[in-house]
Amino acid sequence: TSVLILNGPNLNMLGTREPTTYGHETLADIAALCQRSADNLGLSIEFRQTNHEGVMIDWIHEARGQYGGILINPGAWTHTSVAIRDALVASELPIVEVHLSNVHKRESFRHHSFVTPIAVGVIAGFGSQSYRLGLEYFAHLLNA
Ligand code: DQA
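- With an unreviewed UniProt entry as reference, the chain is termed 3-dehydroquinate dehydratase, source organism Azomonas agilis.
- UniProt, in its Function (unreviewed entry) section for the chain, records the words "Catalyzes a trans-dehydration via an enolate intermediate."
- Recorded in UniProt for the chain, the comment headed Pathway (unreviewed entry) runs: "Metabolic intermediate biosynthesis; chorismate biosynthesis; chorismate from D-erythrose 4-phosphate and phosphoenolpyruvate: step 3/7."

Now the structure itself:
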């Protein structure tokens, strides 16, 4: 079974974007970490990023029935998008929400997530390790 890993807006800028908050790793580094973790866990993954909300919604719709689950870092859409949340519900897939930064120790507008109430759980604050920890959960769920 395969896990779809989705990344929202501005995450293509990792490495140069606010390195004190998000670290120096690039999105390609995170994709490579996810691939190594998936190999170790016996999972297959597909890793994508878009800055376009409609593209993200289309990908989530297409995932229905095609993947064992979705691991998503919705970026700023976490805090703004009912549409992303509704698409995730429509996918009928287990959702794991991840964030590089600990959103709860940042600005108050990052404390609310539209995705959390429909996710299995949230992993935030562990940098790129947040993704690996999410994949560990999916290995437990899907390879049981
Ligand atoms: C983020 C946290 C969001 O608040 C922010 O808008 C991002 C990245 C994170 O991974 O820490 O773009 O999702």
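Once the structure has been displayed, the description carries forward.
## Here's the deal with the overall build of the chain
Stage number 1. When you go through the chain residue by residue, the secondary structure sums to five helices and five strands.
Stage number 2. In terms of overall size, the chain behaves like a compact globule, its C-alpha atoms giving a radius of gyration of 14 Å where 144 residues would be expected to give roughly 15 Å.
Stage number 3. Counting only C-alpha atoms and orienting by the principal axes, one finds that the chain spans roughly 35 × 30 × 25 Å.
Stage number 4. A separation of at least 24 residues holds for 75% of the contacts in the chain among residues at least 6 apart in sequence.

## Thoughts on the nonpolar core
Stage number 1. Among the nonpolar cores identified, the biggest contains 30 residues, and Val3, Ile5, Ile70, Leu71 and Leu135 are the most heavily contacted of them.
Stage number 2. Every element with two or more residues in this core is listed here: β1 (2-7), α2 (27-41), α3 (53-63), β3 (69-73), α4 (82-91), β4 (95-99), β5 (121-124) and α5 (129-142).
Stage number 3. No other element matches β1, which puts four residues into this core.

## Topic: the sheet that holds β4
Stage number 1. Reading across the sheet, the five strands line up as β2-β1-β3-β4-β5 and stay open at both edges, with parallel pairing between neighbours. The open sheet is flanked by β2 (44-49) and β5, the only strands paired with a single partner. Strand-to-strand twist of the sheet, defined as the mean angle between neighbouring strand axes without regard to direction, takes the value 20°.
Stage number 2. Here β4 runs beside β5; their pairing, made up of four bridges, is parallel. Bridging from a neighbouring strand, Val98 pairs with Ile123 of β5.
Stage number 3. Contacting β1 and β2, α2 crosses the sheet at an angle of about 165° to β2.

## Points about unusual backbone geometry
Stage number 1. Even without being glycine, Asn10 reaches a positive phi, approximately 75°.
Stage number 2. Within the secondary structure, Asn10 is located in the loop between β1 and α1 (19-22).
Stage number 3. Positive phi values are uncommon outside glycine, yet Glu92 reaches one of about 55°.
Stage number 4. Mapped onto the elements of the fold, Glu92 is located in the loop between α4 and β4.

Analysis parameters
- Residues numbered from 1 in each chain as written.
- Predicted model: local features only at pLDDT ≥ 70, side-chain atom pairs only at ≥ 80, totals over all residues.
- UniProt positions renumbered as here; feature names shortened; annotations may be inferred.
- Helix = DSSP H or I, 4+ residues; strand = E, 2+ residues; numbered from the N terminus.
- Rg over C-alpha atoms; globule rule 2.2 N^0.38 Å.
- Contact = placed C-beta atoms within 7 Å.
- Core = buried A, V, L, I, M, F, W, Y, C linked by C-beta atoms within 7 Å.
- Buried ≥ 20, exposed ≤ 12 C-beta atoms within 10 Å, placed from the backbone.
- Pairing = 2+ DSSP bridges.
- Axes fitted to C-alpha atoms, helices over the stretch in contact; angles between N-to-C directions.

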